[in-house]
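A structural walkthrough
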Protein chains: 2
Amino acid sequence: MNLKPDDAEAFLSWLRTQIPLVGAMQIDQLTLDDQGLTLSAPLAANINDKGTGFAGSLAALSTLSGWCLMTLYLRSQGLECDVMIAESQIKYLQPVTADFKACVSLPDDDVLAPFLLRMREKGRGKLPLQVEIQEQGKMALQLNGVYYARIRC
Amino acid sequence: MNLKPDDAEAFLSWLRTQIPLVGAMQIDQLTLDDQGLTLSAPLAANINDKGTGFAGSLAALSTLSGWCLMTLYLRSQGLECDVMIAESQIKYLQPVTADFKACVSLPDDDVLAPFLLRMREKGRGKLPLQVEIQEQGKMALQLNGVYYARIRC
């Protein structure tokens with residue numbers, strides 16, 4: 001992605017200044033590698049009445065992680081964009097009982113390349129992303145989202 | 001639903017003690033009537049980098065409102081249950097630019113009556129609920145969720 005780990009740190013710091021819920025959820029780490037992105041949050045700030053992860057927090061973290069990946073990926077390609085989620089389907093597969101991470105990877109090149117071409121030609125495009133939250137090695141949540149981007153005027 | 005407005009106030013106060021994000025999002029009102037439930041939150045605590053409602057907050061408020069309705073409806077029928085969301089599909093239709101409310105109604109009796117019968121007979125059941133967030137008279141978000149309940153042992 002041509003992004004350095006330092007970019008992740010700076011992006012998360014900026015996010016905290018823009019989205020109060022990022023601070024409230026105590027999102028404490030954003031990691032990047034060539035394939036994707038991980039956002040981490042502690043259980044304590046995101047707990048529910050049953051002592052497990054609040055579904056609203058899980059939905060928010062997974063939704064945000066896809067948004068971060070798409071924003072940072074486009075930036076790494078030299079495109080400063082407004083990114084929005086258009087729709088998502090979320091499956092809650094099991095309770096989350098510890099600090100948790102949402103992980104999202106870039107789609108394969110047969111999806112990514114035409115998307116990038118469309119962004120450069122039309123200035124806008126949609127990309128499907130799949131986000132997961134794991135719990136003790138099993139999938140606790142799966143989000144299939146469609147994100148929309150347009151180049152900032 | 002056989003629920004008094006006072007029940008709504010007490011339920012929201014209890015929620016604040018159980019789910020830190022309810023306080024962080026400054027969810028400030030829960031209203032109940034015979035047909036459904038409304039949860040309100042201010043834009044300021046739930047804003048994003050574009051000055052509109054953060055998708056994660058919108059997802060969390062709409063997810064929570066269905067959970068509240070199902071919990072309170074079952075309680076009104078004499079059933080103390082654990083309620084969980086099983087899955088949801090969310091469409092983000094337009095930005096939210098002011099304080100917002102998630103509104104959810106009970107389904108029609110042809111869905112509700114068999115669900116209640118199953119709850120009484122089997123101690124567990126699933127119910128589909130549709131939640132909306134409006135923006136200036138138009139739908140800004142629509143969530144179709146499936147919630148699961150089981151009677152507390």
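Check the entry above for the structure.
This text gives an overview of the structure that appears in the document.

What about the overall build of chain A?
- In terms of regular secondary structure, chain A is built from four helices and six strands.
- Helices (α) and strands (β) of chain A occur, in sequence order from the N terminus, as α-α-β-β-α-β-β-α-β-β.
- Taken against the 2.2 N^0.38 rule, which gives 15 Å for 153 residues, the C-alpha radius of gyration of chain A at 15 Å falls within 12% of a compact globule.
- If one aligns the C-alpha atoms of chain A with their principal axes, the spans along those axes are about 50 × 30 × 25 Å.
- At a minimum sequence separation of 6, the contacts of chain A that also span at least 24 residues come to 68%.

Structural notes on the interface of chain A and chain B
- The partner chain B presents 30 residues to the 30 residues of chain A that form the contact.
- At the level of elements, α2 (20-24), α3 (55-76) and β3 (81-92) of chain A are the ones that each hand at least two residues to the side of chain A that touches chain B.
- Top contributing element to the side of chain A that touches chain B by residue count: β3 of chain A, with 10 residues.
- The class makeup of the residues in the side of chain A that touches chain B is 17 nonpolar, eight polar and five charged.
- Two elements, β3 of chain A and strand β3 (residues 81-92) of chain B, share five bridges in a ladder whose sense is antiparallel.

Topic: the sheet that holds strand β6 (residues 138-151) of chain B
- One open sheet accounts for 12 strands, arranged β1(A)-β2(A)-β4(A)-β5(A)-β6(A)-β3(A)-β3(B)-β6(B)-β5(B)-β4(B)-β2(B)-β1(B); its pairing is antiparallel. A strand with exactly one partner marks an edge of an open sheet, and here the two such strands are β1 (29-32) of chain A together with β1 (29-32) of chain B. If you compare each strand with its neighbour and ignore which way they point, the axes differ by 25° on average.
- Judged from the four bridges that link them, β1 of chain B and strand β2 (residues 36-41) of chain B form a sheet pairing that is antiparallel. Among the inter-strand pairings, Leu32 of chain B is bridged to a residue of β2 of chain B, identified as Leu37 of chain B.

Some remarks on the environment of Lys122 of chain B
Residue and element names in this part refer to chain B.
- Looking at the secondary structure, you find Lys122 in helix α4 (residues 109-122).
- With 10 C-beta atoms counted inside 10 Å, the residue Lys122 sits in the exposed group.
- For the pair formed by Lys122 and Ile151, sequence separation is 29 residues and the distance between their alpha carbons is 9.0 Å.

Re the packing of α3 of chain A against helix α3 (residues 55-76) of chain B
- One way to put it is that α3 of chain A packs onto α3 of chain B with a least axis distance of 8 Å and a crossing angle of 150°. Here α3 of chain A lies roughly antiparallel to α3 of chain B, going by the angle between them. Relative to α3 of chain B, α3 of chain A is oriented so that their crossing is right-handed. Residue-level inspection shows Ala55, Gly56, Ser57, Ala59, Ala60, Thr63 and Leu64 of chain A of α3 of chain A in contact with α3 of chain B, the latter providing Ala55, Gly56, Ser57, Ala59, Ala60, Thr63 and Leu64 of chain B.

Let's talk about the relation of the copies chain A and chain B
- With an RMSD of 0.0 Å, the fit of chain A onto chain B corresponds to turning through 180° and sliding 0.0 Å along the axis. Classification of the inter-copy transformation places it as that of a two-fold axis. Using C-alpha coordinates, one finds that chain A approaches the rotation axis most closely at Gln89 of chain A, a distance of 2.2 Å.

Remarks on the pairing of strand β5 (residues 124-135) of chain A
Residues and elements named next belong to chain A.
- Pairing geometry for strand β4 (residues 100-105) and β5, over three bridges, is antiparallel. Looking at β5, one finds that Val104 is bridged to Val131.
- Pairing analysis gives 12 bridges linking β5 to strand β6 (residues 138-151), with the strands arranged antiparallel. Residue pairing in the sheet places Gly125 in a bridge with Ala149 of β6.
- The hairpin turn running from β5 into β6, its antiparallel successor, is two residues long, and Gln136 in that turn takes a positive phi close to 50°.

The rules behind the values
- Residues numbered from 1 in each chain as written.
- Chains lettered and ligands numbered in written order.
- Predicted model: local features only at pLDDT ≥ 70, side-chain atom pairs only at ≥ 80, totals over all residues.
- Helix = DSSP H or I, 4+ residues; strand = E, 2+ residues; numbered from the N terminus.
- Rg over C-alpha atoms; globule rule 2.2 N^0.38 Å.
- Contact = placed C-beta atoms within 7 Å.
- Nonpolar A, V, L, I, M, F, W, Y, C, P; charged D, E, K, R; others polar.
- Pairing = 2+ DSSP bridges.
- Axes fitted to C-alpha atoms, helices over the stretch in contact; angles between N-to-C directions.
- Buried ≥ 20, exposed ≤ 12 C-beta atoms within 10 Å, placed from the backbone.
- Parallel < 35°, antiparallel > 145°, perpendicular 65-115°, else oblique.
- Left-handed = near helix turned anticlockwise from the far one by under 90°.
- Least-squares fit on C-alpha atoms with pLDDT ≥ 70 in both.

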